[in-house]
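Notes for the structure review
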Amino acid sequence: MSTILNSQTHIKSTAELKVFWQDFLPHLSDRCVLLLSGDVGAGKTTSVQAIAGILGMKDVQSPSFAIHLRYENAEGRAMDHLDLYRLNDDDDLESSGFWDLFAPKQGLVVIEWAQRLDYDYLPLNWQRVEVSITKGPTESERIITSRLL
């Protein structure tokens, strides 16, 4: 088991956040759901943008109103990005096509506000990694705690 998937990291800047994700991503399996939690402004969307940039995907935005957006890079690799902040109930999740995201043989599903989801319902044959982002002592600092579920 990778120690980076079960760790706590102190990030001091956006540049360090990108380096964190560059080091972190190679430890994820071909079928991974990345569960991001943290307060408003903690850096969840900034993290998703960093991940997408590393993977060669562009024009990444928060899917707060759409709940789900899909990005692909030039090689055809896809990342599904969900934001559950405005989720009212399980029907909203169901209507987003959420469960269909786990049908492919590989994929990266990144979920912001994942704490609104019952992790017990996630497919067991997908790697599940929880990442909590909290604000640090200064405006640019963050504490990232990750654990493999």
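Along each chain, numbering runs from 1 in the same order as the chain's sequence is written. Restriction of local features to residues with pLDDT of at least 70 applies here, the model being predicted, together with a cutoff of 80 or more for giving and counting side-chain atom pairs; totals for whole chains, interfaces and linings are based on all residues. Computation of side-chain values covers all heavy atoms of the structure but excludes hydrogens and water.

With that settled, consider the packing of aromatic side chains. Think of a pair of aromatic rings as described by two things: how far the centres are apart, and how the planes are tilted against each other in angle. Aromatic pairing here means that ring centres of Phe, Tyr or Trp (its six-membered ring) are within 6.5 Å. Orientation follows from the plane angle: under 30 degrees is stacked, over 60 is edge-to-face, and everything else is tilted. A complete count under the given rule lists eight aromatic pairs for this structure. Taking the centre distance of 5.1 Å and the plane angle of 75° together, the rings of Trp21 and Phe24 count as edge-to-face. One end of the pair, Trp21, and the other, Phe24, are both in helix H1 (residues 14-24), three residues apart, so they sit about a helical turn from each other. Each residue is placed in one exposure class: buried if its accessible area under a 1.4 Å probe, protein chains only, is under 20% of its type's maximum, exposed if it is over 50%, and partly exposed if it falls in between. Using a relative accessible area of 0% as the deciding quantity, one classes Trp21 as buried. Plain terms: the ring middles of Phe98 and Phe102 are 5.3 Å apart, the flat faces sit at 80° to each other, and that makes the pair edge-to-face. Only when the NZ atom of a Lys or the CZ atom of an Arg is both within 6 Å of the ring centre and within 35 degrees of the ring normal do we say a charge sits over the ring. Here Lys44 stacks its cationic end above the ring of Trp113, 4.2 Å away from the centre of that ring. Note on conventions: DSSP H or I runs of at least 4 residues are helices, E runs of at least 2 residues are strands, and numbering of each starts at the N terminus.

Within the chain, Asp59 stands out as a residue other than glycine whose phi angle is a positive 55°. Relative to the elements of secondary structure, Asp59 occurs in the loop between helix H2 (44-54) and strand S3 (68-72). One non-glycine residue, Trp113, adopts positive backbone phi at about 60°. When you line up the elements, Trp113 lands in the loop between strand S5 (107-112) and strand S6 (127-135).

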